[in-house]
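# Summary of structural features
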Amino acid sequence: MNVLGIETSCDETSVAVVRDGVEILSNLIASQVDIHALTGGVVPEVAARKHVERLGVLIEEALHQANLRYSDIDLIAVTNRPGLVGALMVGVSAGKALAYALGKPIVAVHHLEGHIASNFLTAPDLQFPFICLIVSGGHTDLHIVEGHGRRRRLGSTRDDAAGEAFDKAARLLGLGYPGGPAIDRTAKGGNPQAVSFPRAWLEEGSYDFSFSGLKTALLRYVQQTGDALNVADAAASFQEAIVDVLAGKTLHAAEQYEVPRIAVCGGVAANSRLKEVLSEETGRRGYQLVVPPLILCTDNAAMIAAAGYYQYVTSGATDIDFDTIASEALAG
Ligand code: KG4
Ligand code: ZN
């Protein structure tokens, strides 16, 4: 089954063709990062306009690279939630138009279901259940995934998402946008033990996260140190505080629920220190660890096509009159 995936929920325009949920035939991503770097963050209206300019060309090119014609597509999968509504609407309108014109079914995909599916593209043999840490610019969720579309949420962030915390910290440290990769790079030259930032473990046994206190602690530290600020040390220590909590709670969940498989997805899964710590700790415990390659960690349409395939197989197509939705937690 050839699935055409479309992703326009934020600032990446992406189109992919994935066969049977596992084989990527094409996965094209047109990033708007240069444009949004000028404003230090995504301007929703600008993002939507860029999607309009680029989406048509990307659809043609994704088919070309997959060596397929429109008539070879069996299913359209498009992100309809959550995200910037204007941006989502571009992808959803294009997806619906294609489905209608080609007479093919369409599925409306939750963006985070896409991030989870990036693990199946990375490790098609991944067994259920597994513990899944979803860490992106908008979300920080910990789930036990029990089957395709079946999961139990153990916890989520009570304030900032991990990626958002990285982005805000980078801005405070004058490292620019996007913040996560900038902190990751800068931290390599710093001492993670230089500053002891707080770790919000919350109540005993809680799998929720909180990063706003850490952000405030960094702000206070930057103000106090003034010209003496060592940016690399501050970045490394800040990153270590986030990674400690993300890795600590994920490993604890695997232990408590006796699930020896951990998957990490979303933009922050690209963080080199998070990968390093989880790889060491899962290695020590004999757990399987799946972290998608960079191209599948950040927003891309291959993960949406894969999630759409499993959704179609388990629950069928979506009625074509579905809406775009700005905010919706992943059920579970
Ligand atoms: O999943 P994603 O591409 O978009 C959303 O759905 O939000 O995630 C983007 C987030 C941004 O906050 C970005 O700063 C963060 O992922 N990110 C990273 C790294 N690469 C991207 N955070 C930490 N370390 C990285 N290497
Ligand atoms: Zn995302």
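Residues numbered from 1 in each chain as written. Chains lettered and ligands numbered in written order. Predicted model: local features only at pLDDT ≥ 70, side-chain atom pairs only at ≥ 80, totals over all residues. Heavy atoms only, no water.

### Considering the domain arrangement of the protein chain
Here is the rule we go by: Domain ranges listed in this record stem from an automatic or a database domain assignment. Any two residues whose heavy atoms approach within 4.5 Å at even a single point are treated as in contact. Using a 1.4 Å probe, buried area is obtained as the accessible area two parts lose upon being combined, added over both of them. Any carboxyl oxygen of Asp or Glu that lies within 4 Å of a side-chain nitrogen of Lys or Arg is treated as forming a salt bridge with it. N or O atoms within 3.5 Å of each other form a polar contact, as long as, within protein, one can give a hydrogen and the other can take it, and as long as residues adjacent in sequence are counted only when both atoms are side-chain atoms. Strands here mean DSSP runs of E at least two residues long; helices mean DSSP runs of H or I at least four residues long; both are numbered from the N terminus. Under this grouping Gly is polar, as are all residues other than the nonpolar Ala, Val, Leu, Ile, Met, Phe, Trp, Tyr, Cys and Pro and the charged Asp, Glu, Lys and Arg.
Taken domain by domain, the protein chain comprises domain 1 (2–115 + 296–315) and domain 2 (127–292). Computed over C-alpha atoms only, the centres of domain 1 and domain 2 are separated by 27 Å. Taken residue by residue, the interface counts 16 residues in domain 1 and 16 residues in domain 2. Of the roughly 1,300 Å² buried where domain 1 meets domain 2, counting both sides, 68% is carbon and sulfur surface. The three residues of domain 1 that bury the most area against domain 2 are Leu112, His115 and Cys297, which together make up 42% of that side's buried surface. For the pair domain 1 and domain 2, the interface holds one salt bridge. Glu113 is the partner of Arg151 in a salt bridge, and the nearest nitrogen-oxygen pair spans 2.2 Å. Across the contact surface, domain 1 and domain 2 share three residue pairs in polar contact (both at pLDDT 80 or more). At the level of elements, α1 (33–37), α4 (111–122), α10 (294–297) and α11 (301–315) are the ones that each hand at least two residues to the side of domain 1 that touches domain 2. Residue composition of the side of domain 1 that touches domain 2, grouped by class: eight nonpolar, six polar and two charged.

### Structural notes on the site of ligand 1
Applied cut-off: For each residue, the test is whether any non-hydrogen atom lies within 4 Å of the molecule or strand; if one does, the residue is near. Each accessible area is a Shrake-Rupley result for a 1.4 Å probe, and residues are judged covered by the shown protein chains and nothing else. A cavity here means a set of 1 Å grid points, computed over protein atoms only, where a 1.4 Å probe fits but cannot escape. A pocket is an open set with protein on both sides within 12 Å along at least 5 of 7 lines, and lining residues have an atom within 4 Å of a point. Here the criterion for a molecule occupying a pocket or cavity is that more than half of its atoms lie within 2 Å of the pocket grid points.
Close to ligand 1 lie 18 residues, the nearest being Gly137, Asp167, Gly180, Asp184 and Gly267. Look at ligand 1: alone it shows 550 Å² of surface, and the protein chains cover 87% of it. In this structure the site holding ligand 1 corresponds to the largest pocket. If you list the elements that add at least two residues to the shell around ligand 1, you get α4, α5 (162–172) and α6 (179–187). Each residue belonging to the shell around ligand 1 can be placed in one class, and the counts come to four nonpolar, eleven polar and three charged.

### Things to note about the sheet that holds strand β10 (residues 288–290)
Rule in force here: Here, a strand pair is defined by DSSP locating no fewer than two bridges between the strands. Angles run from 0 to 180 degrees between N-to-C directions of axes, and those axes are lines fitted to C-alpha atoms, restricted for helices to the stretch in contact.
Within the open sheet, the five strands sit side by side as β8-β7-β6-β9-β10. Their pairing is mixed. Two strands close off the open sheet at either side, each with one partner strand: β8 (150–156) and β10. Adjacent strand axes in the sheet meet at a mean angle of 20 degrees, parallel and antiparallel pairs treated alike. Strand direction decides the pairing type here: strand β6 (residues 130–135) and strand β9 (residues 261–265), joined by four bridges, are parallel. Its bridge partner lying in β9, Ile134 is registered against Cys265. The sheet strands contacting helix α8 (residues 231–256) are β6, β7 (140–147), β8 and β9, and the helix crosses β6 at an angle near 160 degrees.

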